[in-house]
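Inside the fold
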Amino acid sequence: MAERKPVHITKEQLAEQRGYAAEVSAMENRPRSYHVVTYGCQMNAHDSEKLSGMLRQMGMEEAPTREDADFVIFNTCCVRDNAERRALGNVTWLKEVRKKNPNLIIAVCGCMIQQPGMAEKILKQYKFIDLAFGTSNLWRLPELLHRTLRSDRSVVVVEEEDSIAEDLPVQRLRQDAAYITIMYGCDNFCSYCIVPYVRGRERSRDPEAILREARELHASGVKEIMLLGQNVNSYGKGLECGMNFPELLRRLDEVGIPRIRFMTSHPKDLSDELIEVLGQSKHILPQFHLPVQHGNDEILRRMNRRYTREQYLDKVRKLRQAVPGIGLTTDIIVGFPGETEEQFLDTLSIVEEVGYDSAFTFIYSPRTGTVAASMEDQIPEDVATDRIKRLIAAQEAGQKKAMSRFIGSEEEVLVEGLSRRSDKAVSGHGRHGVSITFPGTESDIGQIVRVRVTEMKNNTLMGERI
Ligand code: SAH
Ligand code: SF4
Ligand code: F3S
């Protein structure tokens with residue numbers, strides 16, 4: 001792997017983009033409204049908030065649906081084949097919408113575009129796409145849109161550059177909770193995973209910039225921040241100041257924001273120091289997303305995860321010791337190449353042993369260019385489907401048991417919205433990360449409310465106000 005240094009986007013470069021934004025807003029043929037469609041993980045959700053921020057800077061208003069917009073941008077994911085197919089299906093469907101609105105501009109960005117060969121494919125097969133750009137080029141949207149508006153050909157820009165851009169305008173989805181990216185990219189190269197190829201090399205933001213952002217969010221009344229990165233606990237790699245993730249958390253804990261969360265953590269980088277900080281902090285929530293991926297050592301080795309089942313379980317024990325009652329969640333893959341029935345049973349048993357509050361379960365999806373995609377013995381679809389069904393059943397049983405520990409206890413809930421089942425109830429997440437529903441009204445949204453959990457109904461925790 002060639003040495004690649006992070007590229008810090010300068011203030012001058014950003015000023016130039018603001019110049020383009022001003023020019024776009026003065027253009028006669030510019031779009032007046034936009035709609036952003038987001039696929040994939042929280043990183044993409046936050047990138048979309050930045051896209052919205054820049055589009056507003058160009059004088060556009062958000063349209064409620066894609067059919068109403070003059071400019072539609074798809075922020076895509078390619079972590080699994082179905083994510084990619086869904087995105088491409090929707091982009092193609094938009095071609096029909098353009099028949100009604102000939103001025104419609106279609107843009108596609110995100111991880112899917114950053115895949116090798118994709119730029120050429122767009123130019124050949126998807127000519128109706130007006131603008132496409134990769135994950136590293138997001139900060140240049142004003143310039144790219146400017147170029148698109150002046151050209152009658154597709155603009156496609158995919159650079160392999162590990163950029164860090166500070167101070168982009170952000171249009172946040174929620175006022176009470178906010179994302180803060182602390183690091184970009186990934187260097188782990190788990191053998192099944194495309195992310196390191198489409199998000200570039202791991203690079204950490206300057207801690208002072210992160211702290212400044214956190215203080216500003218606190219001052220604006222934000223109650224919860226979510227720190228984002230593909231592998232947050234390796235934060236600091238390559239920084240000259242020597243800051244690491246536990247120390248960053250300590251500093252963020254002092255800012256005073258009531259709730260701090262983070263994702264995702266890699267088990268191999270979960271240090272004793274981090275566990276200690278969790279045990280001592282005031283504002284870091286007692287919850288931890290710790291993707292296990294598999295329960296069998298041989299498969300973990302071939303996945304290049306660099307921990308064993310026993311090492312993983314040891315970290316779980318330490319977490320539970322330091323933070324009693326901690327909410328644990330995970331990601332699991334079934335049907336990795338060569339996975340035998342016996343090896344799969346190890347996944348079932350680790351799920352039972354840990355007792356997760358929730359788990360994201362996936363059927364392995366071969367991704368071109370990754371090591372696992374060319375492994376022999378790819379698992380037939382019917383076998384994988386059968387395994388994921390059994391895994392989901394085991395997880396649901398474990399979840400029920402794990403969640404029952406909350407019945408009778410008190411939780412602080414940050415109310416996110418009206419309950420889906422009733423307009424006289426609201427729901428939100430407790431400090432441990434589980435969703436709780438209780439009587440309330442719209443005026444509770446964005447507030448932190450103390451609740452006693454009374455029962456579990458259809459896998460949902462129900463509560464009453466204290
Ligand atoms: N950086 C995070 C998240 C990566 S993507 C982490 O390391 O945990 C989110 C999840 O998608 C992964 O945890 C993994 O479970 C799943 N995933 C990634 N590549 C996949 C593939 N090729 N097939 C199926 N699931 C995959
Ligand atoms: Fe993918 Fe592994 Fe990196 Fe997570 S840690 S993004 S699973 S390569
Ligand atoms: Fe998907 Fe890219 Fe996230 S591939 S999961 S959107 S980092």
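Check the entry above for the structure.
Worth saying up front: this structure is predicted, and the values here are computed from it rather than measured. (Residues numbered from 1 in each chain as written. Chains lettered and ligands numbered in written order. Predicted model: local features only at pLDDT ≥ 70, side-chain atom pairs only at ≥ 80, totals over all residues. Heavy atoms only, no water.)

A few words on the sheet that holds strand E12 (residues 224-228). Strand order in this open sheet of three strands is E9-E12-E13, and the pairing throughout is parallel. For this open sheet the edge positions go to strand E9 (177-181) and strand E13 (259-263), each flanked by a neighbour on one side alone. Going across the sheet, the axis of each strand differs from the next one's by a mean of 20°, ignoring polarity. In the sheet, E9 pairs with E12 via five bridges, with the strands oriented parallel. The partner of Thr-181 across the bridge, within E12, is Leu-228. Docked against the sheet, helix H9 (residues 245-253) engages E12 and E13, running at close to 155° with respect to E13. (Pairing = 2+ DSSP bridges. Helix = DSSP H or I, 4+ residues; strand = E, 2+ residues; numbered from the N terminus. Axes fitted to C-alpha atoms, helices over the stretch in contact; angles between N-to-C directions. Contact = heavy atoms within 4.5 Å.)

Let's shift gears to the site of ligand 2. Ligand 2 sits among Cys-186, Asn-188, Phe-189, Cys-190, Tyr-192, Cys-193, Val-195, Pro-196, Gln-230, His-266 and Arg-305. Residue composition of the shell around ligand 2, grouped by class: seven nonpolar, three polar and one charged. (Near = heavy atom within 4 Å. Nonpolar A, V, L, I, M, F, W, Y, C, P; charged D, E, K, R; others polar.)

Okay, the pairing of strand E15 (residues 327-334) next. Burial analysis of E15 places eight of its eight residues in the buried class, which makes it a mostly covered element. Strand direction decides the pairing type here: strand E14 (residues 287-289) and E15, joined by three bridges, are parallel. Bridge pairing in E15 places Phe-288 opposite Leu-328. Of the pairings in the sheet, the one linking E15 to strand E16 (residues 358-363) comprises six bridges and is parallel in character. (Buried < 20%, exposed > 50% of the residue type's maximum accessible area, 1.4 Å probe, protein only.)

A few words now on the site of ligand 1. Ligand 1 sits among 14 residues. The nearest are Arg-80, Gln-230, Gln-293, Asp-331 and Ser-365. Calculation on ligand 1 without its partners gives an accessible area of 530 Å², and the protein chains cover 90% of this total. Broken down by secondary-structure element, the contributors of at least two residues to the shell around ligand 1 are E15 and E16. Each residue belonging to the shell around ligand 1 can be placed in one class, and the counts come to seven nonpolar, four polar and three charged. (Areas by Shrake-Rupley, 256 points an atom, 1.4 Å probe, with all protein chains shown as cover.)

Right, let's get into H9. What H9 keeps buried is the set Phe-245, Pro-246, Leu-248, Leu-249, Leu-252 and Asp-253. Seen along its axis, H9 keeps its buried residues to an arc of 160°; they face one direction. A side-chain oxygen of the first residue of H9 lies 3.0 Å from the backbone nitrogen of Glu-247; this N-cap is Asn-244. (Arc of directions from axis to C-beta. Polar contact = N/O pair within 3.5 Å; in protein donor to acceptor, adjacent residues only side chain to side chain.)

Before going further, it helps to spend a moment on the packing of aromatic side chains. Scanning the entire structure with this criterion turns up seven aromatic pairs. Taking 6.5 Å as the distance between ring centres and 15° as the angle between the ring planes, the aromatic pair formed by Tyr-39 and Phe-74 counts as stacked. With Tyr-39 in the loop between strand E2 (33-38) and helix H2 (42-57) and Phe-74 in strand E4 (residues 71-76), this residue pair connects regions lying 35 residues apart in the sequence. For Tyr-39, a relative accessible area of 7% gives the class buried. Seen in terms of ring centroids, Tyr-307 and Tyr-312 are 6.0 Å apart; in terms of plane orientation they differ by 35°. Their pairing is tilted. Like Tyr-307, the residue Tyr-312 is buried in the burial classification. Each member of the aromatic cluster is reached from another via a ring pair, and the members are Phe-245, Phe-262 and Phe-288. (Phe/Tyr/Trp six-rings, centres within 6.5 Å; stacked < 30°, edge-to-face > 60°.)

This brings us to the side chain of His-432. Considering the arrangement of structural elements, one finds His-432 in the loop between strand E18 (425-429) and strand E19 (435-439). Judged by relative accessible area, His-432 falls into the buried class, the value being 17%. Looking at His-432, its side chain comes within polar contact range of the side chain of Glu-411, at 2.5 Å. When residues no more than four places from it in sequence are discounted, the contact partners of His-432 are Pro-286, Gln-287, Gly-325, Ile-326, Gly-327, Asp-357, Phe-406 and Glu-411.

Mapped onto the elements, Arg-174 comes out in the loop between strand E8 (163-164) and E9. When the C-alpha positions of Arg-174 and His-429 are compared, they lie 14 Å apart, and in sequence the two are 255 residues distant. In this view, Arg-174 contacts Leu-414 and Glu-416; residues no more than four positions away in its chain are not counted. At a separation of 3.0 Å, a polar atom in the side chain of Arg-174 contacts the side chain of Asp-176.

Relative to the helices and strands, Ser-52 resides in helix H2. When its relative accessible area of 9% is taken as the criterion, Ser-52 is described as buried. If we ignore the near neighbours within four places in the chain, the residues touching Ser-52 are Tyr-34, Val-36 and Gln-171.

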